[in-house]
Amino acid sequence: MSGNSSPIPDYLLIHSDAFSMKPRMHFDDVAWEKSTDIYDDWPYTLYEQVAYNDIGVFLREHYRPRQHQEFRPFKTGGFNTSLLMTFTDNSGAVIRFPLPGAVMFPEEKVRNEVSTMRFILDKTRTSDKIPIPVPFISHWGQRTESPSKAGPFIIMDYINHKGTMRDLLQIPSRQPGERPVLNPDLSIARLEALYGKLANMVLSLSTLAFNQIGSPSLDQNDDSTWKVRHRPLSYSMNEIVQLGTLPRSKLPTPTTTYEKTSSYFETLAELHISHLINQRNDAVDSENDCRRKIVGRFLFRKIIRDLELRKKWVSYETGPFPLWCDDFRPENVLVDEAETITGVVDWEFTYTAPVEFTYAPPWWLLLEKPEYWSKGLDDWCMEYEKRLPVFLRAMSNCEDEAIRTGRLTESQRLSIPMRESWESGDFWIMYAARGNFAFDAIYWQKIDQRFFGPTTTCLDPSNAWKERLDVLEPEERQKLEEYVDLKLRQMETRVLAWDPDEHTLEYMAKMNA
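Caption draft 1: Expanded view of the overall build of the chain. Helix and strand counts for the chain come out as 17 helices and 13 strands. Relative to the globule expectation of 24 Å for 513 residues, the C-alpha radius of gyration of the chain, 24 Å, shows essentially globular dimensions. C-alpha extents for the chain along the principal axes are approximately 90 × 65 × 50 Å. Within the chain, the fraction of its 513 residues that count as buried is 55%. Summarising the internal contacts of the chain: among those between residues at least 6 apart in sequence, 71% fall at separations of at least 24. In the structure as shown, the chain presents an accessible area of about 22500 Å², 49% of it carried by carbon and sulfur atoms. Distance from the positive charge centre (61 side chains) to the negative charge centre (76 side chains) of the chain: 2 Å.

Laid out in structure tokens, this is it:
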């Protein structure tokens, strides 16, 4: 290098620690360990004799009067634990509690889920709607109303079922605890038939829309009118507080709603930045990794803020905003022996969302998310593209039947915009917007070059950020240096920086007593 040449900043040099991006950002392991300790242990407190008896008596008193036969622990999943009471007439009732340590907003979660299930039942039971079978809720309440102060709860009908749609779609030899894999031996006809049952549920949800983004509930002054009155509490909001150590105060306030698609997407982009900066441990692996993650989040925000860039992927700025469930997937769709759908459960992270969410084809066609696919993102895409035409054909058949019976209009078809979303790459914007821990590989491999052009490092996306620094605003370049310095200093120590809810904090105090 000649003496009068400008020196190349050290962080632009190729270092020995340069590596391909990992498929997802790490959880904060310190918070994850604490969270796991709590939600693994807590259900057993319900089985202690006094609490167990209180819950059983409470359930019997608040369900429809009948002679009970058995009361037992039923199921513990990712967010809830439940107990089942069966009756002599072969019916049953479930009481379900959110898991401390896993659910960061238990009372809000329960309220939203109750509102969602009642709204769906109210709006899809008429002959002009595609029905969605949700459990009937007989009673619900917050923590102060629960037996033995066990937490907010829902009492609902037990839905008889043999299994789930996932059981029908996955490799039969899957062992408990193994991640699901779509059975490659399913015939096209069989796969299309199963996809068709799920497509009907997706189609029905898409017809339930509001003029705002948020969580719907009954109007306080009119028990027949539904309004969006609360923030869209999402799966990722819960996750970045639980496993990303984002303070709850950094989220939109509980009464925040959105009237524009761009406003909501900008909130999601800001949450990506705030999450990265606030996750105390394991968020970055090195200085280069840190810069790449920050630059990617700044550029994603630019794609949303810049009107010309936004025009490429936002079609409905002011709605309508259909109902969207972050956790809708085959595992939550119950079936009987005849493979008829008997119920759809787990509606906690449901809200009205940009129509572009609904226009993206479902990620769950392969059962597994791209960031967990063992053979990498490119292989996931290759396998997904084999199944997508089958699903779109099934969706088109459902649309044809719904139009024939007057339950759908031609303009409400999803199969066409879903195909366009995948082909244009809009699918990946929606996926990245919702997936905080999956963001980085998705952004750099599937989004960046569409909006900012090719790079000389296109064969190694992990270094593409170096060619995007001139796209950043001056204040972003300044913030970049501040954030890198902060994250590198944080790497020197490991502490628990967690902001759980009061119910979880109380249980933590009991554990430490």
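Caption draft 2: Region of interest: the sheet that holds strand 10 (residues 321-325). In spatial order, the strands read 7-10-13; together these three strands make up an open sheet with antiparallel pairing. Both outer strands of the open sheet, strand 7 (209-210) and strand 13 (350-352), are each paired with one neighbouring strand and no more. Where strand 7 meets strand 10, two bridges bridge the pair, whose relative direction is antiparallel. Counterpart to Ala209 in the pairing with strand 10 is Pro322.

Caption draft 3: Structural detail: the sheet that holds strand 2 (residues 80-87). Spatially, 1-2-3-5-4 is the arrangement adopted by the five strands of the open sheet, whose pairing is antiparallel. Pairing within the sheet leaves two strands with one partner each, and these edge strands are strand 1 (68-76) and strand 4 (137-141). Strand after strand, the sheet turns through a mean of 15° between neighbouring axes, direction not considered. For strand 4 and strand 5 (residues 153-157), the ladder comprises four bridges, and the chain directions are antiparallel. Note that in strand 5 the partner of His139 across the bridge is Ile155.

Caption draft 4: Summary view of unusual backbone geometry. Between Gly319 and the following residue, Pro320, the backbone shows a cis peptide bond with an omega angle of 5°. Among the secondary structure elements, Pro320 is positioned in the loop between helix 10 (307-310) and strand 10. In this structure, Leu367 takes a positive phi of about 75° despite not being glycine. As for its placement among the helices and strands, Leu367 is situated in the loop between helix 11 (355-359) and helix 12 (377-404). Residue classification places Leu367 among the buried residues on the basis of a relative accessible area of 7%.

Caption draft 5: Fine view of the pairing of strand 2. When you tally the buried positions in strand 2, you get eight out of eight residues, the bulk of the element. Neither face of strand 2 is open: one carries Asn80, Ser82, Leu84 and Thr86, the other Thr81, Leu83, Met85 and Phe87, and all of them are buried. Summarising the sheet, strand 1 and strand 2 pair through seven bridges and their orientation is antiparallel. Residue pairing in the sheet places Pro73 in a bridge with Leu83 of strand 2. A loop of three residues connects strand 1 with strand 2, the two strands running antiparallel in sequence.

Caption draft 6: Looking closely at the side chain of His272. Relative to the assigned elements, His272 resides in helix 8 (residues 261-278). Given a relative accessible area of 1%, His272 falls into the buried group.

Caption draft 7: Representation of the packing of aromatic side chains within the structure. Going through the model one piece at a time under the given rule, you end up with 36 aromatic pairs. The interplanar angle of 75° and the centroid separation of 5.3 Å between the aromatic rings of Phe300 and Phe439 together place this pair among those described as edge-to-face. Separated by 139 residues along the polypeptide, Phe300 in helix 9 (residues 287-305) and Phe439 in helix 15 (residues 439-452) bring together distant segments of the chain. In this structure Phe300 comes out as buried when scored by relative accessible area, which is 1%.

Caption draft 8: A look at the packing of helix 8 against helix 9. As a packed pair, helix 8 and helix 9 sit with axes 9 Å apart at the nearest point and diverge in direction by 170°. Judged by the inter-axis angle, helix 8 sits roughly antiparallel to helix 9. Touching Ser262, Phe265, Glu266, Ala269, Glu270, His272, Ile273 and Leu276 of helix 8 are Lys293, Ile294, Arg297, Phe298, Phe300, Arg301, Ile304 and Arg305, all from helix 9. Looking at side-chain class alone, the contact of helix 8 with helix 9 contains eight nonpolar, two polar and six charged residues.

Caption draft 9: Seen up close, the packing of helix 12 against helix 15. Contact pair helix 12 / helix 15: the axes reach a minimum separation of 11 Å and the direction vectors enclose 65°. What the angle tells us is that helix 12 and helix 15 run roughly perpendicular. Judged by the sense of rotation from one axis to the other, the crossing of helix 12 with helix 15 is right-handed. Within the contact between the two elements, helix 12 uses Leu377, Asp378 and Cys381 and helix 15 uses Ala441, Ile442, Gln445 and Lys446. Looking at side-chain class alone, the contact of helix 12 with helix 15 contains four nonpolar, one polar and two charged residues.

Caption draft 10: Seen up close, the pattern of salt bridges. Under the definition given, this model contains 40 salt bridges. Of the charged contacts in the structure, one is a salt bridge between Arg231 and Glu108, with a shortest N-O distance of 2.7 Å. Placement of Arg231 in the loop between strand 9 (222-230) and helix 7 (235-242) and of Glu108 in helix 4 (residues 106-124) is noted, with a sequence separation of 123 residues between them. For the pair formed by Arg231 and Glu108, the shared burial category is buried. When the shortest N-O distance is used, the salt bridge between Glu331 and Arg329 registers 2.4 Å. Each member of the salt-bridge network shares a partner with another, and the members are Arg96, Lys109, Glu113, Asp346 and Glu348.

Thresholds, definitions, all that
Residues numbered from 1 in each chain as written. Predicted model: local features only at pLDDT ≥ 70, side-chain atom pairs only at ≥ 80, totals over all residues. Heavy atoms only, no water. Helix = DSSP H or I, 4+ residues; strand = E, 2+ residues; numbered from the N terminus. Rg over C-alpha atoms; globule rule 2.2 N^0.38 Å. Buried < 20%, exposed > 50% of the residue type's maximum accessible area, 1.4 Å probe, protein only. Contact = heavy atoms within 4.5 Å. Areas by Shrake-Rupley, 256 points an atom, 1.4 Å probe, with all protein chains shown as cover. Lys, Arg positive; Asp, Glu negative; His and termini not counted. Charge placed at Lys NZ, Arg CZ, Asp CG, Glu CD. Pairing = 2+ DSSP bridges. Axes fitted to C-alpha atoms, helices over the stretch in contact; angles between N-to-C directions. Phe/Tyr/Trp six-rings, centres within 6.5 Å; stacked < 30°, edge-to-face > 60°. Parallel < 35°, antiparallel > 145°, perpendicular 65-115°, else oblique. Nonpolar A, V, L, I, M, F, W, Y, C, P; charged D, E, K, R; others polar. Left-handed = near helix turned anticlockwise from the far one by under 90°. Salt bridge = Lys/Arg side-chain N within 4 Å of Asp/Glu carboxyl O.

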